[in-house]
Amino acid sequence: MDYSLDSGKVAEATERLLRQRGVDKREIGELVLFLQRDYYPELTIEECLESVERVLSKREVQNAILTGIQLDMLAEEGKLLPPLQEIVFNDEGLYGCDEVLSLAIVNVYGSIGYTNFGYIDKTKPGILKRLNEKNGKDVHTFLDDIVGALAAAASSRIAHRKQAAKESGTSGMD
Ligand code: MG
């Protein structure tokens, strides 16, 4: 077995798993737009998507995504040990480790991500609503928090850049 690792493999596997689990990056971009449009009415979906890509390029983000999706998949296959199998499969409300893992993503652009993360976790717009629908087969216990965290981090990045641009007198689009 070859257990050698390179960063390309990690990035590639992250992209592939997100796609395989039905997450379209554009839908994450739409969450970012939803979170930020009141503050930056001129914000475009392209800027949001670019921000999502930048968040996804970070290794600690990729690590959290790989870990969370893996646990969802193992729960779907009934391969976790009890009682974790039941907890993850049923998306037990008091479990909390799904949110905690996602904080590794929320944190990459500082603590302003927390507000956004909490807000979309409560309102569940767009793709988050779909990921939360239970059909007794698919498990998205970790994935819904991961997607919300990606949108929250990408939003924080935009807010930081807009603020920096304002302070330096540039457009913030570069
Ligand atoms: Mg969850």
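Residues numbered from 1 in each chain as written. Predicted model: local features only at pLDDT ≥ 70, side-chain atom pairs only at ≥ 80, totals over all residues. Heavy atoms only, no water.

Q: Where do I start with the nonpolar core in this structure?
A: Soluble globular proteins: nonpolar side chains tend toward being buried together. Ranked by size, the top nonpolar core spans 44 residues in total, and within it Val55, Ile65, Ile105, Val147 and Leu150 carry the most contacts. Every element with two or more residues in this core is listed here: α1 (7-20), α2 (25-36), α3 (45-56), α4 (59-76), α6 (97-106), α7 (113-123), α8 (127-132) and α9 (143-168). Considering each element in turn, this core owes the most residues, eleven residues, to α9. Beyond its immediate chain neighbours, meaning those up to four positions away, leucine 150 contacts Ile28, Val55, Leu56, Val61, Ile65 and Ile105. (Core = buried A, V, L, I, M, F, W, Y, C linked by side-chain atoms within 4.5 Å. Buried < 20%, exposed > 50% of the residue type's maximum accessible area, 1.4 Å probe, protein only. Helix = DSSP H or I, 4+ residues; strand = E, 2+ residues; numbered from the N terminus. Contact = heavy atoms within 4.5 Å.)

Q: How should I be thinking about unusual backbone geometry in this particular structure?
A: Note that the residue after proline 82, namely proline 83, is joined by a cis bond; omega there is 5 degrees. One can find proline 83 in the loop between α4 and α5 (84-89). You will see that lysine 124, though not glycine, has its phi angle at about 45 degrees, which is positive. On the secondary structure map, lysine 124 appears in the loop between α7 and α8.

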